[in-house]
Amino acid sequence: MSKKENIPEILELKQAYEAQVAKTMEKRPERRKEFRTGGNIPLNRVYDPTDLEGLNYARDLGYPGRYPYTRGVQPTMYRGRLWTMRQYAGFGTAEESNERYRYLLSQGQTGLSVAFDLPTQIGYDSDHPMAQGECGKVGVAIDSLADMEILFDKIPLDKVSTSMTINAPASVLLAMYICVGEKQGVSMDKLSGTIQNDILKEYIARGTYIFPPKPSMRLITDIFEFCSNNVPKWNTISISGYHIREAGSTAAQEVAFTLADGIAYVEAAQKKGLDPNVFGQRLSFFFNAHNDFLEEVAKFRAARRMWGKIMKERFGVTDRKAQMLRFHTQTGGSTLTAQQPENNIVRVTMQALAAVLGGTQSLHTNSMDEALALPSEKSVGIALKTQQIIAYESGVADTIDPLAGSYVIESLTNKIQERAEEYISQIDNMGGMLIAIEKGYVQKHIQDSAYSYQKAVESGDAIVVGVNKFQIKEDHADMNLLKVDESVGERQVQKLKELREKRDNLKVKNTLENIRKAARDESVNLMPLILEAVRNYGTEGEICGVLREEFGEYTENIIL
Amino acid sequence: MAEKKIRVVIAKPGLDGHDRGAKVVARALRDAGMEVIYTGLRQTPEQIVDTAIQEDADAIGISILSGAHAYYFSKIIGLLKERHAEDIIVFGGGVIPDADIPALLEMGAGAIFGPGTPTTVCAEWLEKAVAEKRAKETV
């Protein structure tokens, strides 16, 4: 890639090398006929400068904090400040989760990440029939501001940043967070954090949708607008490839479908008259980190370069911050094995290292026991320590983008970009991401990848240590798994009953009616009205219930 | 007599959105020659049992990764009994701790397949279980 490299000389050397390889292979063939990355990109035996002939350093890589941001979004990256160590956590009641958060903060975690239970994520109160059996299971049960006050008790919202994995009812939970801030004396312009708020990947891969696409996009862009004016430090969306990858996509598909979702959000917000130079600064992303180390590092770099280009060239964005792809990473849940669970610590370490070498802004490391149950406190502790060891002992955080210039890394970065751009152009040709989802195009590609991976594992073509090779007889009886108290639902139901007796029900009714009226008029921003209902202890289920009546519900387009 | 194809309903009860496993299993069973009806997400136990009865299914495969397995298995198995359809085989998989499996089997689940199970193991088990069930029916 440098003009000083003497390509003819290299080619001469290469020829000699290849002759030698041929000889070696006669005696000892390679382990496989063909080597490919986890995402099915063919891998050369060895990479050299001839693989990077088209690469232009100034144009394609540049410097950290500068366009096209391939090397990172901050000029000093981790030398200035380490990534935020943010473990996704929450289970049972607000009281129990509050205790877990305070434990994590006491262990040196630097940001919170709230997991809500499924009824909360789908806009049902704990006393709704659909909530039965699910309360407190995959996250904390939150019905009203009263629960949220307990969840953040003694946690100063002006000091921690909080990420909330909430999508369809994101406005409601953000409103609750704002109200807790108010009670702590922290005004909303001082709050920092993230709501996931990414409905498109819910339709594609994660499943916690409520409303159809159109009103869902309105709720999202209402949040963009409201936060631009009132909660300027808040990341209004976390455009997520994580779940797309967990559903089975390849690395290149993860990048492609995530950025295509991003394009759809920018277009929707532009249509509303919002300026991408402004709201674009608060778009954030969320990626997965799987095992294929080199491909993963390349993936993060490619995604950053592509988003910079999309914002600059496609949307004409000039604000630097709005061109930057800032992202959270979580290690790959689906790569964890129930067999020999301690091995997962090693997998998570590699994946976390890839995320750090890829320049992530925050990181969740999975716990070793997650293929068996919700993580125990001990295994969450080990996962967090894994990040601390990478940060403080490995040395990789002390120089920026250390793998840049590696022939294979740059080559894979280009390959991922090429493949992802191909998908994005197909989606563009179909008329955009909403249509591609409606037609099942995205889901089909993901499922095909998932199925071919499963077949590769079953044929032994892909090896998973402890699962299809190197198995041992084992017993998990001594693993101290977390058990969620089955009575969470009952306790929540009781709390709701008391709340409905105590609050000013007439006021709640009025605020809900205001939401209903506004739902019918697209020119009104729903966010202030939701805030008002929440402040008066209207429940999540009541607010989403009104919106369900007005907007209708999404029904899944089953693709198999 | 030509062997009747095995009919199996793959179901996602409750609010859990993790459908990778369910879809992979559905496809693998289909590739193994079975007729597969996949319910999609957010099914109530009543809907699942209705589907299985209407489709004249031999078996229901339940996929749960949300931790709500005890509730849904007991609900679905209970409803099958209520509707005199307990001959329909119930099996499942997902993130289900080992310690919880005996209770599910006790309730009447035929088998629980944990993470990492080859789909062929699941298909072979189901073929055998359905053959046994049909043998009983013809007696």
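For the structure itself, consult the block above.
What you are looking at is a predicted structure, and each value in this text was computed from that prediction instead of being measured.

Q: Please explain the overall build of chain B as it appears in this structure.
A: Broken down by element type, chain B carries five helices and five strands. Listed by position from the N terminus, the elements making up chain B come as β-α-β-α-β-α-β-α-β-α. Going through the 139 residues of chain B one by one, you find that 50% of them count as buried. Of all intrachain contacts in chain B linking residues separated by at least 6 positions in sequence, the fraction that spans at least 24 positions is 72%.

Q: Which parts of the structure should I look at to understand the overall build of chain A?
A: Helices and strands together make up the secondary structure of chain A, namely 23 helices and ten strands. Relative to the globule expectation of 24 Å for 560 residues, the C-alpha radius of gyration of chain A, 24 Å, shows essentially globular dimensions. A principal-axis box enclosing the C-alpha atoms of chain A has dimensions of 85 × 60 × 45 Å. Across the 560 residues of chain A, 52% fall into the buried class. Contacts in chain A between residues at least 24 apart in sequence constitute 77% of all its contacts with a sequence separation of at least 6.

Q: Hey, could you run me through the pairing of strand 9 (residues 327-331) of chain A in this one?
A: Residue and element names in this part refer to chain A. In terms of burial, strand 9 is largely enclosed, as five of its five residues are buried. Side chains of strand 9 alternate between two faces, with Phe 327, Thr 329 and Thr 331 and His 328 and Gln 330 buried alike. Alignment of strand 8 (residues 283-289) against strand 9, held across five bridges, turns out to be parallel. Looking across to strand 9, one finds that Phe 286 is bridged to His 328. Where strand 9 lies against strand 10 (residues 362-364), three bridges are found, and the strand directions are parallel. In the strand pairing of strand 10, His 328 is matched with Ser 362. For the crossover that starts at strand 9, traverses helix 15 (residues 343-357) and ends in the parallel strand 10, the hand is right-handed.

Q: What's the story with the sheet that holds strand 9 of chain A in this structure? I'm lost.
A: Hydrogen bonds between backbone atoms are what pair the strands of a sheet, whose relative direction is either parallel or antiparallel. Residue and element names in this part refer to chain A. Taking strand neighbours across the sheet as the criterion, the five strands line up as 1-10-9-8-7 in an open arrangement whose pairing is parallel. Bordering the open sheet on either side are strand 1 (84-85) and strand 7 (237-240), each of which pairs with just one other strand. With four bridges joining them, strand 7 and strand 8 adopt parallel strand pairing. Note that in strand 8 the partner of Ile 239 across the bridge is Phe 285.

Q: Teacher, can you tell me more about the pairing of strand 2 (residues 35-38) of chain B here?
A: Look at any regular strand and the pattern is simple: side chains alternate between the two faces of the sheet. Residue and element names in this part refer to chain B. Here strand 2 shows a buried face lined by Val 36 and Tyr 38 and an unburied face lined by Glu 35 and Ile 37. Of the strand pairs in this sheet, strand 1 (residues 7-11) and strand 2 are connected by four bridges, and their pairing is parallel. If you follow Arg 7 over to strand 2, its bridge partner there is Glu 35.

Q: I tried to follow the interface of chain B and chain A on my own but got confused; where do I start?
A: Where interface size is given, it is often the accessible area lost as the parts come together that is meant. The interface is formed by 27 residues belonging to chain B together with 34 residues belonging to chain A. At five residues, the largest contribution of residues to the side of chain B that touches chain A is made by helix 1 (residues 20-31) of chain B. Each residue belonging to the side of chain B that touches chain A can be placed in one class, and the counts come to twelve nonpolar, nine polar and six charged.

Conventions used here
Residues numbered from 1 in each chain as written. Chains lettered and ligands numbered in written order. Predicted model: local features only at pLDDT ≥ 70, side-chain atom pairs only at ≥ 80, totals over all residues. Helix = DSSP H or I, 4+ residues; strand = E, 2+ residues; numbered from the N terminus. Buried ≥ 20, exposed ≤ 12 C-beta atoms within 10 Å, placed from the backbone. Contact = placed C-beta atoms within 7 Å. Rg over C-alpha atoms; globule rule 2.2 N^0.38 Å. Pairing = 2+ DSSP bridges. Right-handed = clockwise from strand over helix to strand, strands pointing away. Nonpolar A, V, L, I, M, F, W, Y, C, P; charged D, E, K, R; others polar.

From the geometry alone we can't say anything about function, so treat these as descriptive.
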